[in-house]
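Results of the structural survey
Each chain is listed here by its residues.
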Amino acid sequence: MERLNIAVFVSGGGSNLQAIIDALSTDLNQTTIKCVISNRKEAFGLKRAEKYGIDAHYFGIGNFPDVSERISQLLLLLNNYKIDLIVLAGYLAILDERFIAAYKGRIINIHPSLLPKFGGHGYYGLKVHAAVLAAGEKQSGATTHFVDSGIDTGRIIYQSSVMVKADDTPEILAQRVLREEHQLMVKTIADIQNGVLSIGL
Ligand code: GRF
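Residues numbered from 1 in each chain as written. Predicted model: local features only at pLDDT ≥ 70, side-chain atom pairs only at ≥ 80, totals over all residues. Heavy atoms only, no water.

Let's shift gears to the sheet that holds strand β7 (residues 156-163). Pairing is mixed across the open sheet formed by 7 strands, whose spatial order is β3-β2-β1-β4-β5-β6-β7. Each of the sheet's edge strands pairs with one partner strand only, and the pair in question is β3 (55-58) and β7. The mean angle between the axes of side-by-side strands here comes to 20 degrees, regardless of whether they run parallel or antiparallel. Relative to strand β4 (residues 85-88), strand β1 (residues 4-10) is paired through 4 bridges, and the arrangement is parallel. Across the sheet, residue phenylalanine 9 finds its bridge partner in β4, namely leucine 88. (Pairing = 2+ DSSP bridges. Helix = DSSP H or I, 4+ residues; strand = E, 2+ residues; numbered from the N terminus. Axes fitted to C-alpha atoms, helices over the stretch in contact; angles between N-to-C directions.)

And the structure:
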């Protein structure tokens, strides 16, 4: 079994990244996180990577103001790492057509709702959970999906649902969903690692 080389993209706290790191000695023991990328210099996810000796790179407006040049340099870096799979774990910057084409069928994302509901432009972070509550949904959950040129529109891989409770706030629902995300993220990567789930063209 070839090792699965992944790059994890974060923009925030990186708890999904942490779930992947925590599984490297068990379910993901044939997976290597070659690098962590963030569009935000202060992303705690970069600090999590550094703590585990994983290469952490900031690619954002501060060091690559020109988006096209940023993507070019990012693709060069990823090529050098020989990345098999791109994992978007709370990554809030848009990847352009060139990037999507370069890793066609090899980019996955996790979203904190039962897509296609509550996905797409403007649905991120607590906004997702506020919309779920405002709509009076009885359940919500997490979705992993392949990334295409749309926002949260690629082929769905796995979903895991949770109950919505009457007294839920967006914050409380977010935490319940986040626990499902962590499990779903690891399961999705493990199935790719083990050849259960095919990737690529
Ligand atoms: C998660 O809820 C994820 O679904 C969404 O952004 C959040 C990232 O959380 N895309 P973390 O940075 O992995 O803790």
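Core analysis: the biggest nonpolar cluster contains 41 residues, and Ile6, Val8, Ile20, Ile33, Val36, Val87 and Ile189 have the highest contact counts within it. Beyond its immediate stretch of four places on either side in the chain, valine 8 contacts Leu17, Ile20, Ile33, Cys35, Val36, Ile37, Val87 and Ala89. Leu75, Leu78, Tyr91 and Tyr103 belong to the second largest nonpolar core, which has 22 residues in total. (Core = buried A, V, L, I, M, F, W, Y, C linked by side-chain atoms within 4.5 Å. Buried < 20%, exposed > 50% of the residue type's maximum accessible area, 1.4 Å probe, protein only. Contact = heavy atoms within 4.5 Å.)

Taken together, the residues surrounding the ligand are Gly12, Gly13, Gly14, Ser15, Asn16, Gly90, Ile110, His111, Pro112, Leu178 and Glu181. Backbone polar atom of asparagine 16 to an oxygen atom of the ligand: 2.9 Å apart, as the coordinates give it. Computed on the free molecule, the ligand has an accessible area of 370 Å², of which 82% lies beneath the protein chains in the complex. More than half of the atoms belonging to the ligand lie within 2 Å of the grid points that define the largest pocket. The set of elements that each furnish at least two residues to the shell around the ligand consists of α1 (15-23), β5 (107-111) and α6 (170-193). Looking at the shell around the ligand residue by residue, the class counts come to 3 nonpolar, 7 polar and 1 charged. (Near = heavy atom within 4 Å. Polar contact = N/O pair within 3.5 Å; in protein donor to acceptor, adjacent residues only side chain to side chain. Areas by Shrake-Rupley, 256 points an atom, 1.4 Å probe, with all protein chains shown as cover. 1 Å grid on protein atoms, 1.4 Å probe; cavity = no way out; pocket = protein on both sides within 12 Å on 5 of 7 lines; lining within 4 Å. Sits in = over half its atoms within 2 Å of the grid points. Nonpolar A, V, L, I, M, F, W, Y, C, P; charged D, E, K, R; others polar.)

The final tally for this structure, using the stated rule, is 4 salt bridges. A salt bridge links arginine 176 to aspartate 168; the nearest nitrogen and oxygen atoms lie 2.7 Å apart. The same class applies to arginine 176 and to aspartate 168, which are both buried. Between aspartate 191 and lysine 187 there is a salt bridge, with the nearest N and O atoms lying 3.3 Å from each other. Linking aspartate 191 with lysine 187, this pair stays in helix α6, spanning 4 residues, or about one helical turn. Assessed through its relative accessible area of 40%, lysine 187 is described here as partly exposed. (Salt bridge = Lys/Arg side-chain N within 4 Å of Asp/Glu carboxyl O.)

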